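Inside the fold
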Amino acid sequence: MRYHNITKDDMLNGAGLRVVLWVAGCNHGCKGCHNPITWDIHGGIPFDEAAKQEIFAEMEKEHIAGLTFSGGDPLHPDNRAEVAALIGEIRDRFPQKTIWLYTGFVWDAVKNLPYIADVDVLVDGPFQIDKLDVKLHWRGSSNQRVINVKETLRLGQMVLWSE
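Report on the accompanying structure. (Residues numbered from 1 in each chain as written. Predicted model: local features only at pLDDT ≥ 70, side-chain atom pairs only at ≥ 80, totals over all residues. Heavy atoms only, no water.)

1. Let's talk about the sheet that holds strand β2 (residues 18-23)
Ordered in space as β3-β1-β2-β4-β5-β6-β7, the seven strands form an open sheet in which the pairing is mixed. Each end of this open sheet is capped by a strand with a single partner; those strands are β3 (45-46) and β7 (145-148). Alignment of strand β1 (residues 2-10) against β3, held across two bridges, turns out to be antiparallel. Paired with Arg2 across the bridge in β3 is Pro46. This element, helix α1 (residues 49-59), spans β1, β2 and β4 (66-71) of the sheet and lies at about 15 degrees to β1. (Pairing = 2+ DSSP bridges. Helix = DSSP H or I, 4+ residues; strand = E, 2+ residues; numbered from the N terminus. Contact = heavy atoms within 4.5 Å. Axes fitted to C-alpha atoms, helices over the stretch in contact; angles between N-to-C directions.)

2. Some points on the packing of aromatic side chains
Considering all chains together, one arrives at five aromatic pairs under this definition. Plain terms: the ring middles of Tyr3 and Phe47 are 5.7 Å apart, the flat faces sit at 80 degrees to each other, and that makes the pair edge-to-face. In this pair, Tyr3 sits in strand β1 while Phe47 sits in the loop between β3 and α1, placing the two residues 44 residues apart along the sequence. Consider the rings of Trp100 and Trp138, whose centres lie 5.5 Å apart with planes at 75 degrees: the pair is edge-to-face. (Phe/Tyr/Trp six-rings, centres within 6.5 Å; stacked < 30°, edge-to-face > 60°.)

3. Some details on the side chain of Asn13
Take Asn13: it is sitting in the loop between β1 and β2. Each residue touching Asn13, except ones within four places of it in the same chain, is listed here: Arg18, Val20, Trp22, Thr68, Trp100, Tyr102 and Trp138.

4. Let's talk about the pattern of salt bridges
Going through the model one piece at a time under the given rule, you end up with nine salt bridges. For Glu60, the salt bridge identified is with Arg93, shortest N-O distance 3.8 Å. Of this pair, Glu60 sits in the loop between α1 and β4 while Arg93 sits in helix α2 (residues 80-93), and the two are 33 residues apart along the sequence. The shortest N-O distance in the salt bridge between Asp124 and Arg145 comes to 2.6 Å. Linking Asp124 in strand β6 (residues 121-124) with Arg145 in strand β7, this pair joins segments that are 21 residues apart in sequence. Three or more residues joined by partner-sharing salt bridges are found here, namely Glu49, Lys52 and Glu89. (Salt bridge = Lys/Arg side-chain N within 4 Å of Asp/Glu carboxyl O.)

Just distances and angles here, no functional claims.
Structure representation (structure tokens):
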């Protein structure tokens with residue numbers, strides 16, 4: 001896996017102050033994407049132990065609510081194994097913190113990935129510029145959903161996240 005940035009004290013990509021990992025690689029090619037520099041799966045820099053430790057150090061801070069995976073697309077096929085491993089480590093090491101994940105894939109395409117159950121909130125669907133709505137929380141276009149993963153899996157029906 002490669003990444004472009006680790007943002008600290010972010011308030012725009014999930015509830016509370018968060019750490020955001022901006023992964024490289026996206027095949028969706030959404031018109032109007034706010035981050036097209038992250039599309040190239042070979043862009044950015046390798047995600048290594050130092051990057052992981054940087055995330056862990058930030059996650060140790062009491063005021064950090066959790067980690068958000070964004071990009072690019074964390075669920076790009078080339079990212080899935082390493083994202084899964086990191087989600088597992090975060091869940092084990094910081095069980096009280098939340099994990100958010102942004103993806104251009106829709107829920108039905110990713111709901112059976114084994115590690116999705118360890119994600120708290122999944123923002124799904126490709127950005128659609130014709131459905132742009134700057135008043136929406138946590139998403140850019142009205143087709144995207146902010147999904148409460150744990151409740152959706154528990155109930156077997158879509159439950160949207162609410163603050």
